[in-house]
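The chain contents come next:
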Amino acid sequence: MRKKAANAVRQPANLSIDSQLMKEAKGLNVNVSRAAEAGIAEAVAAEKTRLWKLENRATMDAWNDYVDMHGVPLKEHRQF
């Protein structure tokens, strides 16, 4: 998970959240703002990862093809 700066600027946001879930969260003393922030941070990280994989697909495929044809470089020096 990402590290949060102690002085991070917070921005108010309006969210629509399932009322039963909100009731349960409040009953469990869950900090809904922080939980939402953590969930959004996780979703952002997942989307960045997905986009990186899409953008670098051709390079990864080319590398995999190279290894299939020539084997792993410096294989003779591997100790495992």
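The structure we're discussing is the one just above.
Here's a quick rundown of the structure. It should be emphasised that the depicted structure is a prediction, and the values quoted were computed from it without experimental measurement. All residue numbers refer to position in the chain's written sequence, counted from 1. Only residues with pLDDT of at least 70 get local features here, since the model is predicted, and only at 80 or more are side-chain atom pairs given and counted; chain-wide, interface and lining totals rely on the full set of residues. Side-chain descriptors were evaluated using all non-hydrogen atoms of the structure, hydrogens and water having been removed beforehand.

**A look at a nonpolar patch on the surface**
Part 1 of the argument: Here a patch means residues that are over 30% exposed by relative accessible area and free of salt bridges, tied together within 9 Å if like-charged and within 5 Å if nonpolar (Val, Leu, Ile, Met, Phe, Trp, Tyr). The accessible surface values rely on the Shrake-Rupley method and a 1.4 Å probe; as for residues, cover is taken only from the protein chains in view. The rule for a salt bridge is simple: a side-chain nitrogen of Lys or Arg has to be within 4 Å of a carboxyl oxygen of Asp or Glu. On the surface, Leu15, Ile17 and Leu21 cluster together into a nonpolar patch covering about 280 Å² of accessible area.
Part 2 of the argument: Per the convention used, a helix needs a DSSP run of H or I reaching at least four residues, while a strand needs a run of E reaching at least two, with both numbered from the N terminus. By the secondary structure assignment, Leu15 is in the segment before helix 1 (19-27).
Part 3 of the argument: With a 1.4 Å probe rolled over the protein chains alone, any residue whose accessible area is under 20% of its type maximum counts as buried; one over 50% counts as exposed, and the rest are partly exposed. For Leu15, a relative accessible area of 53% puts it in the exposed group.

**Observations concerning helix 3 (residues 57-70)**
Part 1 of the argument: Between the first and last C-alpha of helix 3 there are 20 Å, a value that for 14 residues agrees with the 20 Å anticipated at 1.5 Å per step.
Part 2 of the argument: Looking at the residues trailing helix 3, positive phi occurs at Gly71, about 85°. Given a helix with a known number of residues, its expected span is that number minus one, times 1.5 Å.

**Overview of the pattern of salt bridges**
Part 1 of the argument: What the rule picks out here adds up to four salt bridges.
Part 2 of the argument: Across the pair Glu37 and Arg10 runs a salt bridge, and its minimum N-O distance is 3.1 Å. Note that Glu37 is positioned in helix 2 (residues 32-55) and Arg10 in the segment before helix 1, a separation of 27 residues in sequence.
Part 3 of the argument: A salt bridge links Arg50 to Glu47; the nearest nitrogen and oxygen atoms lie 2.7 Å apart. You can see Arg50 and its partner Glu47 sitting in helix 2, three residues apart, about one turn around the helix.
Part 4 of the argument: For Glu47, a relative accessible area of 33% gives the class partly exposed.
Part 5 of the argument: Because the salt bridges share partners, they merge into one network encompassing Arg10, Arg34 and Glu37.

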